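Descriptive analysis of the structure
So you can see what is in the structure, the chains are spelled out below.
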Amino acid sequence: MILFKYRAHAASLLVLTSLSGASALERSRIEAVGFASETVLIYRELDPACECQKGKCVFEDEGGKAACEPLLFYSIDLKTDKTAKIASESAARAEAKGPPPKLEPFPLALDGEVLTASLGADCQREYEHFAGQKEAAVCEVFLSSDSRGTKTVAKIQFWPSPNYAFKVLGYFASPRKSRIAVVVQESRYHFEGEMRTHQKIFGADLKSRFKK
């Protein structure tokens, strides 16, 4: 389990979209390329808000312009949540073994049990709850089953603002289903009705560290 600071993790995807037009939120996603091993997932990030013209790629919002990349490849170690950038698509596909896993929704059926994912209280509180707070809040992500109990998958540190929201999108299962990669979406309405969205990915061992 690792504490992640807002906008600080390599496995987060920033997207800016207007709610009045075609939604980049609906198009943006983390996609699995394949597992390199039982504990290492190769994936790619798509950023449709990164526009490329004449060989230059730029992301622009009310704060100005910044260089960006519309497609990036990474590996993530599901034991430690450490990520590493992969230089090219060909290198990423060479590392991946077998077909890409699908993003599956929770609940997850495993060995006669049903595992569910949930979010901690701070992930779902109204903005007014944090009024006057001078510290960042923490959104916890949990896995639970009736027989094993509950475990914390991740703690995401964030600065509360109006219309902030978190959602567990699903998981990628490793080949032998001993681990999964949980995908969490972090979003908030921002400038003139636009929405910023980050997708984050976290590893989870399905066999240990559950507590009743």
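Chains are numbered independently. Their residues run from 1 in the order of the written sequence. Note on the predicted model: pLDDT of at least 70 is required for a residue's local features to be given, and 80 or more for side-chain atom pairs to be given and counted; whole-chain, interface and lining totals, by contrast, use all residues. The basis for every side-chain value is the complete set of non-hydrogen atoms in the structure, without hydrogens or water.

Quick word on the side chain of Glu 38
Note on conventions: DSSP H or I runs of at least 4 residues are helices, E runs of at least 2 residues are strands, and numbering of each starts at the N terminus. By the element assignment, Glu 38 lies in the loop between strand 3 (30-35) and strand 4 (40-46). Despite its burial, Glu 38 pairs with no opposite charge, the nearest such side chain being Arg 176 at 4.1 Å. A polar contact of 2.6 Å, which involves the side chain of Glu 38, links it to the side chain of Ser 174. Throughout this description, buried means an accessible area under 20% of the type-specific maximum (1.4 Å probe, protein chains only), exposed means over 50%, and partly exposed covers the range between. Residues counted as positive are Lys and Arg, residues counted as negative are Asp and Glu, and His and the chain ends are not counted. Whenever Lys or Arg places a side-chain nitrogen within 4 Å of a carboxyl oxygen from Asp or Glu, that contact is recorded as a salt bridge. Whenever two N or O atoms come within 3.5 Å, that pair is a polar contact, provided that in protein one can donate a hydrogen and the other can accept it, and provided that, for residues adjacent in sequence, both atoms are side-chain atoms.

Some points on the environment of Lys 212
As for its placement among the helices and strands, Lys 212 is situated in the segment after strand 16 (194-205). Lys 212 sits in the exposed class, given a relative accessible area of 80%. Separated by 68 residues in sequence, Lys 212 and Ser 144 have C-alpha atoms that sit 9.3 Å apart. When residues no more than four places from it in sequence are discounted, the contact partners of Lys 212 are Asp 146, Ser 147, Arg 148 and Gly 149. Side-chain polar atoms of Lys 212 contact the backbone oxygen of Ser 147, separated by 2.9 Å. The contact criterion used is simple: two residues touch if any of their non-hydrogen atoms lie within 4.5 Å.

Details of the side chain of Ser 145
Its location among the elements puts Ser 145 in strand 12 (residues 137-145). Side chain to side chain, Ser 145 and Glu 113 meet in a polar contact 3.2 Å long. Excluding its chain neighbours within four sequence positions, the residues that come into contact with Ser 145 are Glu 113, Val 114 and Leu 115.

Some points on the confidence of the model for the protein chain
With 80% of its residues at a pLDDT of at least 70, the protein chain reaches an overall mean of 81. One confidence number per residue, pLDDT, is output by the predictor and ranges from 0 to 100. Here residues 1-27 is a poorly scored stretch, pLDDT under 50, and it has 91 contacts once near neighbours within four places are set aside; other chains count.

Section: the pattern of salt bridges
Applying the stated rule across the entire model yields eight salt bridges. For Glu 69, the salt bridge goes to Lys 85, with nearest N and O atoms at 3.0 Å. You can see Glu 69 sitting in the loop between strand 7 (64-67) and strand 8 (71-77) and its partner Lys 85 sitting in strand 9 (residues 83-86), a full 16 residues away along the chain.

Points about the state of the cysteines
By convention in this document, the label disulfide applies to cysteine sulfur atom pairs within 2.5 Å. A complete count under the given rule lists three disulfides for this structure. Put simply, Cys 52 and Cys 57 are joined by a disulfide, and their sulfur atoms are 2.0 Å apart. On the S-S bond that ties Cys 52 to Cys 57, the torsion sits near 105°, and the link is right-handed. On the accessibility criterion, Cys 52 (41% relative accessible area) is partly exposed.

Notes on the sheet that holds strand 8
A pair of strands is labelled paired if DSSP reports no fewer than 2 bridges between them. Pairing in this open sheet of four strands is antiparallel, and the strands run 3-4-8-9 from one edge to the other. Every other strand in the sheet has two partners, leaving strand 3 and strand 9 as the edge strands with one partner each. Neighbouring strand axes in the sheet, compared pairwise and without regard to direction, differ in orientation by 30° on average. Bridge count between strand 4 and strand 8: seven bridges; the pairing is antiparallel. Bridge pairing in strand 8 places Leu 46 opposite Leu 71. In this analysis, axes come from line fits to C-alpha atoms, helices being fitted only over the stretch in contact, and the angle between any two N-to-C directions falls in the range 0 to 180 degrees.

A word on unusual backbone geometry
With omega at 5°, the peptide bond leading from Phe 106 into Pro 107 counts as cis. On the secondary structure map, Pro 107 appears in the loop between helix 2 (89-95) and strand 10 (108-110). Located in the positive-phi region is Lys 54, a residue other than glycine, with phi close to 55°. Along the polypeptide, Lys 54 turns up in the loop between strand 5 (51-53) and strand 6 (56-61). Among the residues examined, Lys 54 registers a relative accessible area of 87% and is labelled exposed. Phi at Asp 81 takes a positive value of approximately 65°, unusual for a residue other than glycine. Topologically, Asp 81 is positioned in the loop between strand 8 and strand 9.

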